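Now for the letters of each chain:
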Amino acid sequence: MNEFDTKHIWHPYSPTPQENIVVDRGQGSLIFTRDGRTIIDGVSSWWVNIHGHCNEKISAAIAEQAKVLEHVIFAGFTHQPAIDLSEKLLQILPGKMSKIFFSDDGSTSVEAALKMAIQYFQNNGQVDKKRIIAIDGAYHGDTFGAMSVGQRSAFTKPFNTYLFDVEFIKFPHESSEQETLQQFEEIVKNGDVAAFIYEPLLQGVAGMRTYSVEVLSKLMGISNSAGVLNIADEVMTGFGRTGRNFASDYLPTAPDIICLSKGITGGYLPLGVTACNSLVSNQFEGSDAARMFFHGHSYTANPLACAAANASLEILLSESCQFLIKNIAEQHANFAKSLDDHPAVNKINQIGTILSIEIKTGNESTYFDNIRHNIYSYFLSKNILLRPLGNILYILPPYVITNSELSCIYNSILEFLNEYKNKNI
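Values in this document were obtained by computation on a predicted structure and should not be read as measured data.

Caption draft 1: Summary view of the overall build of the protein. The number of helices and strands found in the protein is 12 helices and 16 strands. Taken along the three principal axes of its C-alpha coordinates, the protein extends 65 × 55 × 45 Å. Across the protein, every contact between residues at least 6 apart in sequence was considered, and the portion connecting residues at least 24 apart equals 70%. Of the roughly 19,500 Å² of accessible surface on the protein, 51% is carried by carbon and sulfur atoms. Charge-centre separation for the protein: the mean point of 32 positive side chains lies 2 Å from the mean point of 44 negative side chains.

This is the structure in C-alpha cells:
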C-alpha cells in the first residue's frame with residue numbers, strides 16, 4: 001500500500017475521500033510535512049496545543065510517568081498524578097470548587113455536567129427540575145447530550161428527533177440584552193429548570209462572537225435566585241485563552257459546575273474535567289447507593305494524561321507563559337486596530353489570545369459560507385494553518401508563537417483582505 005494512502009481513515013468534518021496533508025513532526029508553532037513544507041499552526045491544532053508542539057517539559061513528564069504507571073482502573077483506585085492535578089485545579093478554578101470528575105474530552109465533560117445537574121435535583125427530591133437553558137448559537141460537543149444543548153443546525157439535523165428539548169434564549173447582542181434577560185426570567189419562573197449552560201463571554205463555533213460580562217452576570221444572578229445551577233463550558237476558553245486562566249475569572253459570580261478539556265494537557269493527550277462546588281457534590285454523598293453518580297470511562301484520569309496536564313499547568317502559571325499570553329493579546333489588539341474601516345471587514349472581535357475577523361460577503365454570517373474554502377486554501381498555500389468558521393477568519397495560536405510568526409500571519413491576512421476587496425479571490 002502506498003504510504004500516503006489514507007483512504008481507510010475517516011477524518012472528522014471532512015468529505016470522504018479527500019486528500020490529507022501528511023505530517024511528520026511538529027515543533028513550537030510549526031508543523032513539518034512529509035513533502036517538505038513548514039506550516040505555521042495558527043489555530044493550535046483545534047485549540048489544544050497551548051504550549052506548541054513537542055514541548056520538552058510535557059514530553060518528559062509523560063515519558064517519566066510511562067515508566068511507572070501507564071493506566072489503572074479509577075473505580076476503587078487512585079494515583080498521584082490525578083491527586084496532584086485535582087489539587088492544582090482546585091487552587092486556580094474560579095469560585096469554591098470542591099470536586100474534580102475526570103472524563104475523556106470536552107464533549108464528555110459536558111455530558112457529565114448535564115447528568116450531574118439533573119441528578120443533583122433528583123437526589124435532593126426536586127424531581128420536577130429537569131429543563132435545561134442554553135444560548136442560541138451554542139456548541140458544546142458532538143455526543144447526544146452535548147448536541148441537545150447546542151444549536152440545532154446541519155451538524156445535528158440527522159439526529160434532531162433523538163435530542164432532548166432545551167430552552168434556547170437569544171444570544172445577548174448589545175442591542176438585545178434586555179430582551180434576552182426578560183426571556184430568561186420568563187423561563188425560570190416556572191421553577192422546573194435544572195441548569196443554565198453557557199460558553200462564558202465567547203461562543204467559539206458560532207463564529208467567535210463575544211458578549212458582555214455584565215449581561216452574563218445578570219443571567220447568572222437570575223439563575224441563582226431561581227435555584228438553577230450554572231454550568232460554564234470552559235472547554236475552549238480555559239487555560240489562558242481569554243487572557244485570564246478562565247473566562248469565568250472576569251465574572252463576579254462563579255458557576256456551580258465547570259467543564260474543561262482542550263488545552264488542559266497542552267495538546268498531548270485527551271482529558272476532560274467536570275468540576276463542581278460543594279452545593280452540588282454534597283448531594284451525591286452518603287451510604288445510599290442510589291445517590292451515586294453513575295458515570296465513568298475506561299480511561300478516566302489516565303495517569304499519562306494527568307502527568308501531561310500537571311506539566312502543562314506548571315508552564316501556564318509561570319511568569320514566562322503569562323508574559324507570552326499578554327504579548328499575543330497586545331499584538332492582536334494592534335493588528336485589529338490596523339484593520340479599522342477596512343472595506344472587506346464587517347466586524348472584529350478580540351479577547352485575550354483570540355482574534356476573529358468577520359469578512360463581508362453581502363450575506364448573513366454562517367459556518368457554511370463557501371468563502372471558507374477559499375480562505376483555508378489561500379492560507380495553506382502560504383504555509384499557514386487557519387481554519388475559518390465560514391466567513392469568520394480567526395487566529396488562536398500557541399502561546400509560544402514568535403512575533404515574526406504572528407507578523408507573517410497578520411501580513412498574509414492583510415494581503416488576503418486586500419485581494420478579496422479587489423475581487424481577486
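More follows now that the structure is in view.
Caption draft 2: Geometry of the packing of aromatic side chains. A complete count under the given rule lists 20 aromatic pairs for this structure. Ring centres 5.7 Å apart and planes at 80° place the aromatic pair Tyr13 and Trp46 in the edge-to-face group. With Tyr13 in the segment before β1 (23-27) and Trp46 in helix α1 (residues 44-47), this residue pair connects regions lying 33 residues apart in the sequence. Given a relative accessible area of 36%, Trp46 falls into the partly exposed group. Where Tyr367 meets Phe368, the ring centres are 5.2 Å apart and the plane angle is 75°; that geometry is what we call edge-to-face.

Caption draft 3: Representation of the packing of helix α11 (residues 371-381) against helix α12 (residues 403-421) in the model. At a closest axis distance of 11 Å, the pairing of α11 and α12 adopts a crossing angle of 135°. Compared by their axis directions, α11 and α12 come out oblique. The hand of the α11/α12 crossing is right-handed. In contact with Ile371, Ile375, Tyr378 and Phe379 of α11, α12 contributes Ser412, Ile413, Glu415, Phe416, Glu419 and Tyr420. Residue composition of the contact of α11 with α12, grouped by class: seven nonpolar, one polar and two charged.

Caption draft 4: Structural detail: the sheet that holds strand β16 (residues 392-395). Pairing is antiparallel across the open sheet formed by three strands, whose spatial order is β13-β14-β16. Each having just a single partner strand, β13 (345-351) and β16 make up the two edges of the open sheet. Strand after strand, the sheet turns through a mean of 15° between neighbouring axes, direction not considered. Bridge analysis of β13 against strand β14 (residues 354-359) gives six bridges, and the strand direction is antiparallel. Of the residues in β14, the one forming a bridge with Ile348 is Ile357.

Caption draft 5: The pattern of salt bridges, seen in detail. One pass over the structure, following the stated rule, counts seven salt bridges. The partner of Lys189 in a salt bridge is Glu186, with the nearest N and O atoms 2.9 Å apart. Take Lys189: its relative accessible area is 56%, and that puts it in the exposed class. Each of Arg131, Glu167 and Asp192 takes part in a single network of salt bridges with overlapping partners.

Caption draft 6: Highlighting the sheet that holds strand β3 (residues 38-41). Taking strand neighbours across the sheet as the criterion, the four strands line up as β1-β2-β3-β15 in an open arrangement whose pairing is mixed. Edge positions in the sheet fall to β1 and β15 (384-385), since each has one partner strand and no second.

Caption draft 7: The arrangement of a nonpolar patch on the surface in detail. A cluster of nonpolar side chains, contributed by Phe144, Phe159 and Tyr162, occupies part of the molecular surface with about 350 Å² of accessible area. Along the chain, Tyr162 falls in the loop between α5 (144-148) and β6 (167-169). Taking relative accessible area as the criterion, Tyr162 reaches 63% and is therefore assigned exposed.

Caption draft 8: The arrangement of the environment of Ala336 in detail. Residue placement: Ala336 occurs in helix α10 (residues 319-338). Relative accessible area serves as the criterion here: at 11%, Ala336 is assigned to the buried category. Residues Ala336 and Asn349, 13 residues apart in the sequence, show an inter-C-alpha distance of 8.3 Å. Residue contacts for Ala336: discarding those within four places in its chain leaves Ile348 and Leu355.

Caption draft 9: Here's a closer look at the environment of Asn370. Turning to its location among the elements, Asn370 is positioned in the loop between β14 and α11. When the C-alpha atoms of Asn370 and Asn391 are compared, they prove to be 7.9 Å apart, with 21 residues separating the residues in sequence.

Caption draft 10: Quick look at the nonpolar core. Counting residues in each nonpolar core, the largest one holds 94 residues, and the members touching the most others are Leu89, Phe196 and Ile413. Counting residues per element, this core draws most heavily on helix α9 (residues 303-316), at nine residues. Beyond its immediate sequence surroundings of up to four residues, Ile413 is in contact with Phe335, Ile357, Phe379, Leu386, Leu393 and Ile395. If you look at the next biggest cluster of nonpolar residues, it comprises 27 residues, including Met116, Ala117, Phe121 and Ala146.

Caption draft 11: Region of the structure containing the pairing of β16. Where burial is concerned, the two faces of β16 agree: the one with Ile392 and Tyr394 and the one with Leu393 and Ile395 are both buried. Here β14 pairs with β16 via four bridges, running antiparallel. Counterpart to Ser356 in the pairing with β16 is Tyr394.

Parameters at a glance
- Residues numbered from 1 in each chain as written.
- Predicted model: local features only at pLDDT ≥ 70, side-chain atom pairs only at ≥ 80, totals over all residues.
- Heavy atoms only, no water.
- Helix = DSSP H or I, 4+ residues; strand = E, 2+ residues; numbered from the N terminus.
- Contact = heavy atoms within 4.5 Å.
- Areas by Shrake-Rupley, 256 points an atom, 1.4 Å probe, with all protein chains shown as cover.
- Lys, Arg positive; Asp, Glu negative; His and termini not counted.
- Charge placed at Lys NZ, Arg CZ, Asp CG, Glu CD.
- Phe/Tyr/Trp six-rings, centres within 6.5 Å; stacked < 30°, edge-to-face > 60°.
- Buried < 20%, exposed > 50% of the residue type's maximum accessible area, 1.4 Å probe, protein only.
- Axes fitted to C-alpha atoms, helices over the stretch in contact; angles between N-to-C directions.
- Parallel < 35°, antiparallel > 145°, perpendicular 65-115°, else oblique.
- Left-handed = near helix turned anticlockwise from the far one by under 90°.
- Nonpolar A, V, L, I, M, F, W, Y, C, P; charged D, E, K, R; others polar.
- Pairing = 2+ DSSP bridges.
- Salt bridge = Lys/Arg side-chain N within 4 Å of Asp/Glu carboxyl O.
- Patch = residues over 30% accessible without salt bridge, like charges linked within 9 Å, V, L, I, M, F, W, Y side chains within 5 Å.
- Core = buried A, V, L, I, M, F, W, Y, C linked by side-chain atoms within 4.5 Å.

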